2 protein chains.
Amino acid sequence: MRLQWKMVTSWPTNFPGLGTGAAKLAERITQATGGRITVKVFGSGELVPPFEVFDAVSRGTAEIGHSAAYYWRGKAAAAPFFCAVPFGLNAQEMTAWLRFGGGLELWRELYAPFNLVPFPAGNTGVQLAGWFRKPIAGVADLRGLKMRIPGLGGDVMQALGAVPVNLPGAEIFTSLQSGAIDAAEWVGPYNDLAFGLHRVAKYAYYPGWQEPGPTLEAMFHKPAFDALPDDLKAIIEACCAAVNDEMLAEYTARNQQALDLLVREHGAQLRRLPEDVLVALKRAADEVLEALAGADPFARRVYDSMRAFRAQAQAWHSVSEEAFYQARR
Amino acid sequence: MRLQWKMVTSWPTNFPGLGTGAAKLAERITQATGGRITVKVFGSGELVPPFEVFDAVSRGTAEIGHSAAYYWRGKAAAAPFFCAVPFGLNAQEMTAWLRFGGGLELWRELYAPFNLVPFPAGNTGVQLAGWFRKPIAGVADLRGLKMRIPGLGGDVMQALGAVPVNLPGAEIFTSLQSGAIDAAEWVGPYNDLAFGLHRVAKYAYYPGWQEPGPTLEAMFHKPAFDALPDDLKAIIEACCAAVNDEMLAEYTARNQQALDLLVREHGAQLRRLPEDVLVALKRAADEVLEALAGADPFARRVYDSMRAFRAQAQAWHSVSEEAFYQARR
């Protein structure tokens, strides 16, 4: 068997982290299968536009897609839960919920009618809350604020009076520069530095409440995947998990280097969101998620599963990961 | 090519987390290679004793070993840095340092003279500080305390007047019960509950300063690994990375369930170590690590690399992962 497979992605070719992660997945599969599957990667727009990856893999135009599930809420209301939800799970918890908390089974069930088999395949870790042209002193400063923030994070900002805007990454810089928008969240120091966001919006706020542990997805055209012999299925499964491990490691290593540069050399003003803003965002997030679950029975199942897992994760991590960070200072 | 490979481990067969992780690695390799390599797992003592895994793989008695690098400080003083050091890196940071911070290259260099090729293959996440028969009110309570705590964590406790003891996991329960020891650290709620430590020592202290993100290792007999064709090498690399991802997920999911049981149903007293104890432990840890680096040139290189990475990781995680935990409460 010698297969030539196409991978379509929502990222520019070799875009740091996301695009290089997709490329690495293709390379891993090609190498580990000894070329029985050769995967050719297409950056966003090369074969299909970035937001048509789901449809393209669903109909078999490409066998693999590398993207983020929260882009597909128009297809399935529950999709964002498998990428990132405001005040949801961080990277370590997302992977745990997906693999050992029933999350992946729900994700597979959601995607099956679309002829798609999803795997977790990457994570950025906690992001920044975004770059702002003016400081945020309190909740009142969010009113009327035009901010590039997609998905559920945008819904939450809207609930507090902001005006969420969805823009492709490549348009963020000029929109901030021209004043068309007042603020933008993109990813984190590593990717934001590459776009030069600090040059047009001085205030970098944290933490990234809106995307605490975004899982990237590798989705496979189900008939193509199902037709594989067991050893190739096992290879693909291992390669996706390897990239899930590796991409988070890359972001962890690169974000801290980029943060150093941004603050020490580029004069970025790194600030914590005021406590009242975080509290208001959290309350609004609960309402947005509850409304989503109320409107869609599958979203209800996923939200309940995620929320129960989050409660336990929070209890354990408050005495392990979080308590260790505090003790190490 | 049909190879029959042996994997020796330092864990009882199917011991939760560690042993099941080793078994999963063997299964992944066997499945993904379509049986070109069939891996048979031997629990501790079945082929060689737990602390002879390093030697057994070094001389080729087995082709693979699954263990923890800090057991091998007698072979190479720098070895513990590749598993866990007190107040060192957590799981996310360990993987980042190994893959993108130069750590794995140093590890390979250290193990090469022993005919070993190491890969990260599992992590427990932040552990508990341990189980104590009496409460710890301050540094004075550490003096004379007989505690099962191996490795560098034991050295640090000794610097504060405690008496560290090294015991196999299976002997911890009876030693606590008989009063032969006053305290013991093992892993975390998932594994500690299985041993019933809460029945013989009521006070569970956190956080696990001594082992914040222990990396488990898969080490390969170098001549056997080097003789593999490229596709099998790529499969092994992916399978190890997959297990690295998966084991942490398992501990994350299971620790929180076990913690719930321990506190709600078994009456375990969960307490944070007093601040002055943590400060004293941190100071002692710096001295122990500095002494280790001063006595061994390779340990100096590794310590400097890890320490520089830790400083950056700490800066970034204080505004990302840690800040998110705080905001989510």
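Nothing here was measured: the structure is a model prediction, and the numbers come from that model.

All names here are of chain A. As assigned here, chain A comprises domain 1 (3-122 + 213-253) and domain 2 (130-211 + 267-301). A straight line from the C-alpha centre of domain 1 to that of domain 2 covers 25 Å. Between domain 1 and domain 2 the total buried area reaches about 2100 Å² when both faces are included, carbon and sulfur atoms providing 72% of it. The largest share of the area that domain 1 buries against domain 2 comes from R73, P86 and F87, three residues that together contribute 31% of it. Our count for the contact surface shared by domain 1 and domain 2 stands at 2 salt bridges. Notably, a salt bridge pairs R73 with D155, separated by 2.6 Å at the nearest N-O pair. Where domain 1 touches domain 2, the interface holds 9 residue pairs in polar contact (both at pLDDT 80 or more). Listed by contribution, the elements that provide at least two residues to the side of domain 1 that touches domain 2 are α4 (103-111) and α9 (230-265). Broken down by element, the side of domain 1 that touches domain 2 gets its largest block of residues, 3 residues, from α4. Split into classes, the residues belonging to the side of domain 1 that touches domain 2 amount to 15 nonpolar, 2 polar and 3 charged.

On the chain A side, the residues contacting the 67 residues of chain B number 67 residues. Taking both partners together, chain B and chain A bury about 6300 Å²; carbon and sulfur atoms supply 60% of that area. Of all residues in chain B, F100, W316 and R328 of chain B give up the largest surface area on contact with chain A, accounting jointly for 14% of the area buried on that side. Between the two partners, chain B and chain A, sit 8 salt bridges. On inspection of chain B and its partner chain A, the count reaches 30 residue pairs in polar contact (both at pLDDT 80 or more). Only α1 (18-32), α3 (91-100), α9 (230-265), α10 (275-295), α11 (297-319) and α12 (321-328) of chain B provide two or more residues apiece to the side of chain B that touches chain A. Here the side of chain B that touches chain A gets 22 residues from one element, more than from any other, and that element is α9 of chain B.

Further remarks concern the sheet that holds strand β4 (residues 116-123) of chain A. Residues and elements named next belong to chain A. Spatially, the 5 strands line up as an open sheet ordered β2-β1-β3-β10-β4, and their pairing is mixed. The open sheet has two free edges, formed respectively by β2 (37-42) and β4, since each of these has just one partner strand. The sheet shows a mean angle of 25° between the axes of neighbouring strands, taken without regard to direction. Here strand β1 (residues 3-9) pairs with strand β3 (residues 64-68) via 3 bridges, running parallel. Of the residues in β3, the one forming a bridge with V8 is G65. Relative to β4, α4 is tilted by about 135°, and along the sheet it contacts β4 and β10 (215-221). The strands touched by α9 are β1, β2, β3, β4 and β10; relative to β4, the strand with the most contacts, the crossing angle is about 30°.

This part takes up the packing of aromatic side chains. What the rule picks out here adds up to 42 aromatic pairs over all chains. Ring centres of F54 of chain A and W72 of chain A lie 5.4 Å apart, and the angle between their planes is 40°; this geometry places the pair in the tilted category. Separated by 18 residues along the polypeptide, F54 of chain A in helix α2 (residues 53-59) and W72 of chain A in the loop between β3 and α3 (91-100) bring together distant segments of the chain. In this pair, the class of F54 of chain A matches that of W72 of chain A, namely buried. Ring geometry for F132 of chain B versus Y205 of chain B: centroids 5.3 Å apart, planes at 85°, classification edge-to-face. Taken together, the residues F132 of chain B in strand β5 (residues 130-132) and Y205 of chain B in strand β9 (residues 203-206) connect sequence positions 73 residues apart. Of the two residues, F132 of chain B and Y205 of chain B, neither departs from the other in class, the shared state being buried.

Least-squares fitting of chain B to chain A yields an RMSD of 0.0 Å, with the superposition described by an axial translation of 0.0 Å and a rotation of 180°. The two molecules are tied by a two-fold rotation axis, judged by turn and shift. By C-alpha distance to the rotation axis, the residue of chain B lying nearest is A242 of chain B, at 2.3 Å. Most of the interface of chain B is mirrored in chain A: 100% of its interface residues are interface residues there too.

This part takes up the pattern of salt bridges. Applying the stated criterion to the full structure yields 36 salt bridges over all chains. Residue D231 of chain B pairs with R36 of chain B through a salt bridge whose shortest N-O separation is 2.7 Å. Highlighted residues: D231 of chain B in helix α9 and R36 of chain B in the loop between α1 and β2 (37-42), separated in sequence by 195 residues. D231 of chain B sits in the buried class, given a relative accessible area of 14%. Members of the salt-bridge network, linked through shared partners, are E290, R300, D304 and R307 of chain A.

The next subject is the packing of α11 of chain B against α12 of chain B. Residues and elements named next belong to chain B. Running from N to C, α11 and α12 point in directions that differ by 25°, and their axes come no closer than 3 Å. The angle between α11 and α12 places the two elements in the roughly parallel class. Handedness of the crossing formed by α11 with α12: right-handed. For the pair formed by α11 and α12, the contact residues are H317, S318 and V319 on the first element and E321, E322 and A323 on the second. Classifying every residue of the contact of α11 with α12 gives 2 nonpolar, 2 polar and 2 charged.

The rules behind these values
Residues numbered from 1 in each chain as written. Chains lettered and ligands numbered in written order. Predicted model: local features only at pLDDT ≥ 70, side-chain atom pairs only at ≥ 80, totals over all residues. Heavy atoms only, no water. Domains from an automatic or database assignment. Buried area = accessible area lost by both parts, 1.4 Å probe. Salt bridge = Lys/Arg side-chain N within 4 Å of Asp/Glu carboxyl O. Polar contact = N/O pair within 3.5 Å; in protein donor to acceptor, adjacent residues only side chain to side chain. Helix = DSSP H or I, 4+ residues; strand = E, 2+ residues; numbered from the N terminus. Nonpolar A, V, L, I, M, F, W, Y, C, P; charged D, E, K, R; others polar. Contact = heavy atoms within 4.5 Å. Pairing = 2+ DSSP bridges. Axes fitted to C-alpha atoms, helices over the stretch in contact; angles between N-to-C directions. Phe/Tyr/Trp six-rings, centres within 6.5 Å; stacked < 30°, edge-to-face > 60°. Buried < 20%, exposed > 50% of the residue type's maximum accessible area, 1.4 Å probe, protein only. Least-squares fit on C-alpha atoms with pLDDT ≥ 70 in both. Parallel < 35°, antiparallel > 145°, perpendicular 65-115°, else oblique. Left-handed = near helix turned anticlockwise from the far one by under 90°.

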